[in-house]
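Topology and contacts: notes
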Amino acid sequence: QVQLVESGGGLVQPGGSLRLSCAASGRIFSINAMGWYRQAPGKQRELVATITKGGSTNYADSVKGRFTISRDNAKNTVYLQMNSLKPEDTAVYYCYAVSITQYEYWGQGTQVTVSS
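Per chain, residue numbering runs from 1 following the sequence as it is written. Since the coordinates come from a predicted model, pLDDT governs what is reported: local features require at least 70, and pairs of side-chain atoms require 80 or more to be given and counted, while whole-chain, interface and lining totals use all residues. With hydrogens and water set aside, each side-chain value is computed from the structure's full complement of heavy atoms.

A look at the side chain of arginine 66
- Helix and strand labels come from DSSP, where a helix needs a run of H or I of at least four residues and a strand needs a run of E of at least two; each type is numbered from the N terminus. Mapped onto the secondary structure, arginine 66 falls in the loop between strand E6 (57-59) and strand E7 (67-72).
- Categorising residues by exposure relies on relative accessible area from a 1.4 Å probe, with only protein chains included: less than 20% of the type maximum marks a residue as buried, more than 50% marks it as exposed, and the intermediate range marks it as partly exposed. The exposure class of arginine 66 is buried, given its relative accessible area of 11%.
- Nitrogen and oxygen atoms within 3.5 Å of one another constitute a polar contact, given that in protein one can donate a hydrogen and the other can accept it, and given that sequence-neighbouring residues count only through two side-chain atoms. Polar side-chain contacts of arginine 66 include one of 2.9 Å to the backbone oxygen of serine 62.
- Only heavy atoms enter the contact rule, under which two residues are in contact if any of them lie within 4.5 Å. When near neighbours in sequence (up to four residues on either side) are disregarded, arginine 66 contacts Gln81, Met82, Asn83, Ser84, Leu85, Lys86 and Asp89.

Structure, rendered in structure tokens:
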């Protein structure tokens, strides 16, 4: 099993920044990719960003140029640096990991609220 622990959510004003962290533990050697999803009120959960074991990244069009996903292999941690935040970024952000057998793991979610 893989456990994912998130941190870094909170309240921020438009234009501000937040950095989300997701620390993985357990059978981390089985992880093939990690990333972030988000779910805003009244909307479906959507992919925000992913990073593969090989370091390839992918972003939703809505966050390109503003968000950066990265990884620290020594800490088994993935980060999401969120800059130039907009009110429409308000959502619960979920860390996820997918194993080499395509088994999915999910974090508990962390609230990001962008508001004046």
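As for the layout of surface pockets
- The space that makes up the largest pocket amounts to roughly 230 Å³.
- With a 1 Å grid laid over protein atoms only, a set of points is called a cavity when a 1.4 Å probe fits there but cannot get out and a pocket when it is open yet has protein on both sides within 12 Å along at least five of seven lines; lining residues have an atom within 4 Å of a point. Together, 16 residues line the largest pocket, and Ile28, Met34, Arg71, Asn73 and Asn76 are the ones closest to its centre.
- Breaking the lining of the largest pocket down by element, the ones donating at least two residues are strand E4 (31-39), strand E5 (46-52), E7 and strand E8 (77-82).
- The element best represented in the lining of the largest pocket is E4, accounting for four residues. Grid points are joined across faces, edges and corners, and a volume is the space filled by probe spheres set on the points.

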